[in-house]
Amino acid sequence: MKFGVFDHLDRGAVGLTAHFENRLKLAEVYDRANFHAYHIAEHHGTPLGMASSPSVFLAAVAQRTKNLRFGPLVYTLSLTHPLRIIEEVCMLDQMSGGRLELGIGRGSSPYEMGYFGVNAQNSGKLYIESYDVVMMGLTSKRINFEGEYFKFDNVPVELECVQKPHPPIWYGMSSPAAVPWAAENNVNIVCNGPSAPIKAITDKYKEIWHAKFDAEKSVLPFMGLGRHLVVAKTSQEAYNIGKRAFACWYNSLQHLWRAHGNPMKSYPIPEEFAAATSAGIVITGTPDEVAEKLAREVEISGANYVLTRFAFGDLTYKESLTSLNLFIEEVMPQFQMDLSTV
């Protein structure tokens, strides 16, 4: 079992300078503890995400770490010109010696897209075209493309990635409908929400992937499961810290939706903390309790990769670091079996 980290870089209780520095210090710990990758979100105009330009923050991560892989989860392709995405991806992969993990997506917030003049209802075709252009630019020295939104005639690509043909691709998934594309293209996936529905996604992914790749590939792509984690010396301490921080995080999650009078009602993570913990989406407790709960979530979901969240809401750097260190020292050793080929 491999562990990664997902981070919204949502705004907490400290100033932005300290906020960024705290996250970079945590990234150094992830690096030393052999976490597989550090994945960050892209958001705009909301306290949910302070890494609105993921490449800027990740450039700092590249310089503060040695082995940790990292990347956006996701670049919102409908909001950035594909030529710039190509160039930033190549630069980050080169600056890190080939450690970039490339998450791509359409974007989930109509309000954030609207700030950029993008109509969320019509963004699907824009996203698809942008993805096609990005992949062309990462795998060739010239871009020739004609679509509804983009037209490129023999545009040169001077930069290139260390990883060939391109960095690993990641995609967020919420239903089995999108599984065939991801599995057939060897794309890593990430899921949020309760584990039982995720099992339908991971089962379908494995079925399709094995049918296409068994003869030529030996390592199944990552099927990630996102979980908020708070580890402490006592169950009550972990629960109290988690409840406080989760409320702050959820307020940031809902911020733009509530500001527009349209709070989300179908998000896979419930707002009520007790409901989120009962569903296994937020896991708190002592190291042994967290290990037991997490093992159960992995078994139910069929995931082979856990995206942990140790920094969220108004957790202080000390609280996140304490939780992280307990996880590294007492929880991770209980997950020694590599499930990447299951």
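Figured I'd write up the structure that's included with this text. Quantities reported herein were computed from a predicted structural model and do not represent experimental measurements. (Residues numbered from 1 in each chain as written. Predicted model: local features only at pLDDT ≥ 70, side-chain atom pairs only at ≥ 80, totals over all residues. Heavy atoms only, no water.)

## A few points about the overall build of the chain
If you tally the helices and strands in the chain, you get eleven helices and twelve strands. Relative to the compact-globule value of 20 Å for 342 residues, the chain shows a C-alpha radius of gyration of 19 Å, a close match. Its C-alpha atoms put the chain at 60 × 50 × 40 Å along the principal axes. Looking at the chain residue by residue over its 342 residues, the buried ones come to 54%. Within the chain, contacts between residues at least 6 apart in sequence are counted, and of these 72% link residues at least 24 apart. Only carbon and sulfur atoms are counted for the fraction: they give 52% of the accessible area of the chain, which is about 14,700 Å². Distance between charge centroids for the chain: 2 Å, based on 31 positive and 36 negative side chains. (Helix = DSSP H or I, 4+ residues; strand = E, 2+ residues; numbered from the N terminus. Rg over C-alpha atoms; globule rule 2.2 N^0.38 Å. Buried < 20%, exposed > 50% of the residue type's maximum accessible area, 1.4 Å probe, protein only. Contact = heavy atoms within 4.5 Å. Areas by Shrake-Rupley, 256 points an atom, 1.4 Å probe, with all protein chains shown as cover. Lys, Arg positive; Asp, Glu negative; His and termini not counted. Charge placed at Lys NZ, Arg CZ, Asp CG, Glu CD.)

## Considerations on the nonpolar core
What tends to happen in soluble globular proteins is that the nonpolar side chains get buried as a cluster. Phe3, Tyr30, Phe35, Tyr38, Tyr205 and Phe327 are the most contacted members of the largest nonpolar core, which totals 81 residues. Each residue touching Tyr30, except ones within four places of it in the same chain, is listed here: Val5, Phe35, Tyr38, Leu68, Phe310 and Leu324. Counting residues in each nonpolar core, the second largest holds 21 residues, with Leu48, Val230, Leu253 and Trp257 among its members. (Core = buried A, V, L, I, M, F, W, Y, C linked by side-chain atoms within 4.5 Å.)

## Examining helix 10 (residues 287-301)
Relative to the 21 Å expected for 15 residues at 1.5 Å per residue, helix 10 spans 21 Å between its end C-alpha atoms, a close match to the ideal helical length. Of the residues trailing helix 10, Gly302 is marked for its positive phi of about 80 degrees. (Expected span 1.5 Å × (residues − 1).)

## Details of the environment of His255
Mapped onto the secondary structure, His255 falls in helix 8 (residues 235-259). Along the primary structure His255 and Pro47 are separated by 208 residues, whereas in three dimensions their C-alpha atoms are 7.4 Å apart. Not counting chain neighbours up to four residues away, the residues in contact with His255 comprise Thr46 and Pro47.

## Brief notes about the layout of surface pockets
Of the pockets and cavities examined, the largest pocket occupies roughly 1,300 Å³. Lining of the largest pocket is provided by 44 residues; of these, Gly107, Ser108, Ser109, Gly172 and Tyr267 occupy positions nearest its centre. Every element with two or more residues in the lining of the largest pocket is listed here: strand 5 (102-105), helix 4 (110-115), strand 8 (169-172), strand 9 (188-191), helix 8 and strand 12 (305-309). Ranked by the residues each element gives to the lining of the largest pocket, the list is headed by helix 8, at four residues. Residues of the lining of the largest pocket, tallied by class, amount to 22 nonpolar, 17 polar and five charged. (1 Å grid on protein atoms, 1.4 Å probe; cavity = no way out; pocket = protein on both sides within 12 Å on 5 of 7 lines; lining within 4 Å. Points joined across faces, edges and corners; volume = space filled by probe spheres on them. Nonpolar A, V, L, I, M, F, W, Y, C, P; charged D, E, K, R; others polar.)

## What about the packing of aromatic side chains?
Scanning the entire structure with this criterion turns up 21 aromatic pairs. Measuring from ring centre to ring centre gives 5.5 Å for Phe3 and Phe335, while their planes differ by 90 degrees; the resulting arrangement is edge-to-face. Note that Phe3 is positioned in strand 1 (residues 2-7) and Phe335 in the segment after helix 11 (317-331), a separation of 332 residues in sequence. When sorted by exposure, Phe3 lands in the same class as Phe335, which is buried. A ring pair is formed by Phe222 and Tyr305, whose centres lie 4.5 Å apart and whose planes are at 35 degrees; its orientation type is tilted. Of the two residues, Phe222 sits in the loop between helix 7 (195-213) and strand 10 (223-231) while Tyr305 sits in strand 12, which places them 83 residues apart along the sequence. (Phe/Tyr/Trp six-rings, centres within 6.5 Å; stacked < 30°, edge-to-face > 60°.)

## Some thoughts on the pairing of strand 6 (residues 142-146)
Residues Ile143 and Phe145 line the buried face of strand 6, whereas the alternating positions Arg142, Asn144 and Glu146 sit on a face that is not buried. Strand direction decides the pairing type here: strand 6 and strand 7 (residues 151-156), joined by four bridges, are antiparallel. When the bridges of strand 7 are listed, Glu146 appears paired with Lys151. (Pairing = 2+ DSSP bridges.)

## Details of the pattern of salt bridges
Where side chains of opposite charge bring their charged atoms close, a pairing between them can arise. Across all of its chains, the model carries 15 salt bridges by this definition. For Glu101, the salt bridge is made with Arg69, and the minimal N-O distance between the two is 2.3 Å. Of the two residues, Glu101 is situated in the loop between helix 3 (82-95) and strand 5 and Arg69 in strand 3 (residues 69-72); the sequence distance between them amounts to 32 residues. Assessed through its relative accessible area of 16%, Arg69 is described here as buried. (Salt bridge = Lys/Arg side-chain N within 4 Å of Asp/Glu carboxyl O.)

## Some remarks on the pairing of strand 1
The buried fraction of strand 1 amounts to five of the six residues, a majority that puts the element mostly inside the structure. Sheet topology places strand 1 next to strand 12; four bridges connect them, and they run parallel. Each residue of the ladder has a partner; that of Val5, found in strand 12, is Thr308. Relative to strand 2 (residues 37-40), strand 1 runs parallel, the two sharing three bridges. From the neighbouring strand, Val5 faces strand 2, where its bridge partner is Tyr38. Read as a crossover between parallel neighbours, the route from strand 1 over helix 1 (residues 16-32) to strand 2 is right-handed. (Right-handed = clockwise from strand over helix to strand, strands pointing away.)

## Here's the deal with a negative patch on the surface
Judged by side-chain charge, Asp288, Glu292, Glu329 and Glu330 come together as a negatively charged surface patch. In this structure, Asp288 sits in helix 10. Residue class for Asp288 comes out exposed when judged on its relative accessible area of 52%. (Patch = residues over 30% accessible without salt bridge, like charges linked within 9 Å, V, L, I, M, F, W, Y side chains within 5 Å.)

## Here we look at a nonpolar patch on the surface
Taken together, the side chains of Met91, Met95 and Leu159 define a hydrophobic patch exposed on the protein surface, amounting to about 250 Å² of accessible area. By relative accessible area, Met91 is classed as partly exposed at 43%.

## Regarding unusual backbone geometry
Cis geometry marks the peptide bond from Leu73 to Val74; its omega dihedral reads 20 degrees. Cis geometry marks the peptide bond from Lys164 to Pro165, where omega comes out at 0 degrees. Note that Pro165 resides in the loop between strand 7 and strand 8. Unusually for a residue other than glycine, Asn186 sits at a positive phi of about 60 degrees. Mapped onto the elements of the fold, Asn186 is located in the loop between helix 6 (179-184) and strand 9.

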